[in-house]
Amino acid sequence: MSFPLVTTDWLQDNLDNEHLVLIDSSMATVVGKEPIVYDRPVFIPGSYKIDLEGTLCDTGSSQIHAFPTEEQFTEEARRLGITPESLVVLYDNQGIYSAPRAWWIFRAMGLKNVFVLDGGLPQWLAEGRDIVSAPVAEAAMPGSVVGKLDQSLVRDSAYVFQHLDDERVTVIDARSQARFLAQAPEPRPGVRGGHIPNSFNLPFTEVLEGYRFKPANQLAAMYARLAPSLQGGNGHQLVFSCGSGITACIILLAAELAGYGQLSLYDGSWADWGSNESLPVA
């Protein structure tokens, strides 16, 4: 398997796969869309639960939603029983929202067999599939993977600043157009309005259709319209940003679906850039 998405049909057929590690990566906070609210806890059978805002967030950092440390990731992956042979499938309760963030964390920490459930829990429910009311607490046997962060997949403001005028590096922002153009206020205090100079805007909602990603050919056409100089495999580095590093991963995954390589996340995103008065704003 190399395609980063799995379907609900595939998951249904593989729920008893001994290598499957199924993970609910939903977040308590949803920004940028009308959240789907549930009247009770709902999980796909056999799911574990991870906390992207807690155990998989470096809370010692001043940055909002900072990438976890290697030690944090390793501890959590072992709790989940993940081994090099595991097939890790991530989903969230909004369809496509925070699961791509979890996917990129796992990928950046060195795991290859990591996938996102297209449509997530809402798609699963819409198809009338079985659910349970609680996740699995921990694996019967601890996992054996060790997280090793690939620094080329997670960028900081210094990297972005150094490449503002580099034609081989393109920053793409997943926030709404109104926020990108400073026509709507930022939700976090002390953060300026506007965007990173020379960056492009692709609101994350535009790459989705219902609960799922749009087809790959539509995504490819969307990126081609966004910046005509971008072509899959042409050596461009695409750096993805948003408010705090969550929804950027949605359009990052969409870019991979569209055939692009050399992808990375600006983890601090606009909360970091917009609050630093020494950095330029467009």
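Placed above this text is the structure.
Here the structure is a predicted model, which means the values were calculated and not measured.

Reading guide: rules and limits
Residues numbered from 1 in each chain as written. Predicted model: local features only at pLDDT ≥ 70, side-chain atom pairs only at ≥ 80, totals over all residues. Heavy atoms only, no water. Salt bridge = Lys/Arg side-chain N within 4 Å of Asp/Glu carboxyl O. Buried < 20%, exposed > 50% of the residue type's maximum accessible area, 1.4 Å probe, protein only. Helix = DSSP H or I, 4+ residues; strand = E, 2+ residues; numbered from the N terminus. Pairing = 2+ DSSP bridges. Phe/Tyr/Trp six-rings, centres within 6.5 Å; stacked < 30°, edge-to-face > 60°. Contact = heavy atoms within 4.5 Å.

### Digging into the pattern of salt bridges
- Across all of its chains, the model carries eleven salt bridges by this definition.
- A salt bridge links R175 to D173, with the shortest nitrogen-to-oxygen separation between them at 2.8 Å. Like R175, the residue D173 is buried in the burial classification.
- One connected set of salt bridges, linked through shared partners, spans D173, R175, R179 and E186.

### Details of the pairing of strand β2 (residues 20–24)
- Of all five residues making up β2, five are buried, and the element is well covered by its neighbours.
- Burial along β2 is two-sided: L20, L22 and D24 and V21 and I23, pointing in opposite directions, are all buried.
- Bridging between β2 and strand β4 (residues 87–91) involves five bridges; their strand directions are parallel. Bridge pairing in β4 places L22 opposite V89.

### Section: the packing of aromatic side chains
- Scanning all chains against the criterion turns up five aromatic pairs.
- Between Y97 and F204 the ring centres are 6.1 Å apart and the planes differ by 70 degrees, which places this aromatic pair in the edge-to-face class. Placement of Y97 in the loop between β4 and α3 (99–108) and of F204 in the loop between β8 (200–201) and β9 (208–209) is noted, with a sequence separation of 107 residues between them.
- Residue Y97 is classed as buried on the basis of its relative accessible area, which comes to 4%.
- Residue F204 is classed as buried on the basis of its relative accessible area of 4%.
- Centroid distance Y266 to W273: 6.3 Å. Interplanar angle 80 degrees. Geometry classified as edge-to-face.

### Some points on the sheet that holds strand β1 (residues 5–6)
- Pairing is parallel across the open sheet formed by five strands, whose spatial order is β1-β5-β4-β2-β3. Strands with a single pairing partner mark the edges of an open sheet, and in this sheet they are β1 and β3 (48–49).

### Points about the environment of V42
- The residue V42 is located in the loop between β2 and β3 in this model.
- According to the relative accessible area criterion, V42 is buried, its value standing at 10%.
- Here the alpha-carbon distance between V42 and Q94, two residues 52 residues apart in the chain, equals 12 Å.
- Dropping the residues within four chain positions of it, V42 is found in contact with D24, L121, L125, I131 and V132.

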